[in-house]
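What follows is the residue order along each chain.
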Amino acid sequence: GLVSDYRLRILLMLAVAGCLIVLLLGICLGVGARLYWVLGGLLTTFLVTLCINLLLFAAISLFNLIALVLVAGLGLDYLLFSSRTTDVNSSASDYADSRHAITASMLSTAAAFAVLALSEVPILAGLGTTVLSGVLVAYVIASLGVRRNP
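I will try to describe carefully the structure that is included in this document. (Residues numbered from 1 in each chain as written. Predicted model: local features only at pLDDT ≥ 70, side-chain atom pairs only at ≥ 80, totals over all residues. Heavy atoms only, no water.)

### Remarks on the overall build of the protein chain
Part 1 of the reasoning: In terms of regular secondary structure, the protein chain is built from 5 helices and 0 strands.
Part 2 of the reasoning: In the protein chain, the order of α-helices and β-strands from amino to carboxyl end is α-α-α-α-α.
Part 3 of the reasoning: Rg of the C-alpha trace for the protein chain: 16 Å, near the compact-globule value of 15 Å for 150 residues, within the 12% margin.
Part 4 of the reasoning: Principal-axis analysis of the C-alpha atoms gives the protein chain an extent of 55 × 30 × 20 Å.
Part 5 of the reasoning: For the protein chain, buried positions account for 32% of its 150 residues.
Part 6 of the reasoning: Accessible surface, the protein chain as shown: approximately 8,600 Å² in total, 74% of it carbon and sulfur.
Part 7 of the reasoning: When the 7 positive and 6 negative side-chain charges of the protein chain are each reduced to one mean point, those points stand 6 Å apart. (Helix = DSSP H or I, 4+ residues; strand = E, 2+ residues; numbered from the N terminus. Rg over C-alpha atoms; globule rule 2.2 N^0.38 Å. Buried < 20%, exposed > 50% of the residue type's maximum accessible area, 1.4 Å probe, protein only. Areas by Shrake-Rupley, 256 points an atom, 1.4 Å probe, with all protein chains shown as cover. Lys, Arg positive; Asp, Glu negative; His and termini not counted. Charge placed at Lys NZ, Arg CZ, Asp CG, Glu CD.)

Encoded structure:
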């Protein structure tokens with residue numbers, strides 16, 4: 001039907017976008033530990049959030065896929081900010097700024113999508129739950145990458 005066609009198109013667009021993201025990150029970050037950390041964290045965030053959704057909803061809807069795109073974008077932001085603290089030129093100020101930015105973003109995003117997750121409208125509740133769980137997973141993974149250089 002129409003919804004399954006849209007689901008297939010979104011999956012195809014996600015695959016193309018994923019390839020472009022890998023290419024652009026490879027160009028911008030260069031091949032190395034930082035690139036692998038960001039890509040590995042992004043993939044882990046995506047897969048864990050997908051598994052959480054499958055456990056909670058037993059299926060992935062079109063709206064869950066759209067929410068996963070948002071989770072991937074937020075996760076990428078968190079991971080890029082956290083990975084910049086591993087640079088040898090980063091200072092204690094960079095560390096504090098990155099930690100603050102990631103935490104403030106997560107708290108405001110989690111609060112907004114927690115409200116949606118509590119909605120009585122199933123589509124909104126699913127969207128809110130997907131993004132809320134994804135943001136929390138992305139925050140934990142990004143926090144593991146924030147390192148203070150001696």
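Back to the text.
### Quick word on the packing of helix α1 (residues 2-29) against helix α3 (residues 62-83)
Part 1 of the reasoning: For the pair α1 and α3, interaxial distance at closest approach is 10 Å and the crossing angle is 10°. Taken as axis vectors, α1 and α3 run roughly parallel relative to one another. In contact with Tyr-6, Arg-7, Ile-10, Leu-11, Leu-14, Ile-21, Leu-25 and Leu-29 of α1, α3 contributes Leu-62, Leu-65, Ile-66, Val-69, Leu-76 and Leu-80.
Part 2 of the reasoning: Of the residues belonging to the contact of α1 with α3, the class tally is 13 nonpolar, no polar and 1 charged. (Axes fitted to C-alpha atoms, helices over the stretch in contact; angles between N-to-C directions. Parallel < 35°, antiparallel > 145°, perpendicular 65-115°, else oblique. Contact = heavy atoms within 4.5 Å. Nonpolar A, V, L, I, M, F, W, Y, C, P; charged D, E, K, R; others polar.)

### A short note on α1
Part 1 of the reasoning: Between the first and last C-alpha of α1 there are 39 Å, a value that for 28 residues agrees with the 40 Å anticipated at 1.5 Å per step.
Part 2 of the reasoning: Following α1 by one or two positions, Gly-30 has its phi on the positive side, about 75°. (Expected span 1.5 Å × (residues − 1).)

### Overview of the nonpolar core
Part 1 of the reasoning: The biggest cluster of nonpolar side chains holds 21 residues, and the ones touching the most others in it are Tyr-78, Leu-79, Met-106, Val-131 and Val-135.
Part 2 of the reasoning: Of all elements in the fold, only α2 (33-57), α3, α4 (92-117) and α5 (122-145) reach the threshold of two or more residues within this core.
Part 3 of the reasoning: Ranked by the residues each element gives to this core, the list is headed by α5, at 7 residues.
Part 4 of the reasoning: The contact partners of Leu-79, leaving out residues within four places of it in the chain, are Trp-37, Val-38, Gly-41, Leu-42, Ile-141 and Ala-142.
Part 5 of the reasoning: Counting 5 residues, the second largest nonpolar core, distinct from the first, contains Ile-10, Ile-60, Leu-62 and Leu-65. (Core = buried A, V, L, I, M, F, W, Y, C linked by side-chain atoms within 4.5 Å.)

### Remarks on the state of the cysteines
Part 1 of the reasoning: Summed over the entire model, instances satisfying the criterion amount to 0 disulfides.
Part 2 of the reasoning: Here Cys-19 stays free of any disulfide, with the sulfur of Cys-28 as its closest cysteine sulfur at 16 Å.
Part 3 of the reasoning: Cys-19 sits in the exposed class, given a relative accessible area of 56%.
Part 4 of the reasoning: Note on Cys-28: relative accessible area 63%, which makes it exposed. (Disulfide = S-S within 2.5 Å.)

### Quick notes on the side chain of Ser-133
Part 1 of the reasoning: Here Ser-133 is to be found in helix α5.
Part 2 of the reasoning: Classification of Ser-133 as buried rests on a relative accessible area of 12%.
Part 3 of the reasoning: Among all residues touching Ser-133, those that are not within four sequence positions of it are Thr-49, Ile-52 and Asn-53.

### Looking at a nonpolar patch on the surface
Part 1 of the reasoning: Taken together, the side chains of Leu-12, Val-16, Leu-20, Leu-23, Leu-24 and Ile-27 define a hydrophobic patch exposed on the protein surface, amounting to about 620 Å² of accessible area.
Part 2 of the reasoning: Tracing the backbone shows Leu-20 in helix α1.
Part 3 of the reasoning: Judged by relative accessible area, Leu-20 falls into the partly exposed class, the value being 47%. (Patch = residues over 30% accessible without salt bridge, like charges linked within 9 Å, V, L, I, M, F, W, Y side chains within 5 Å. Salt bridge = Lys/Arg side-chain N within 4 Å of Asp/Glu carboxyl O.)

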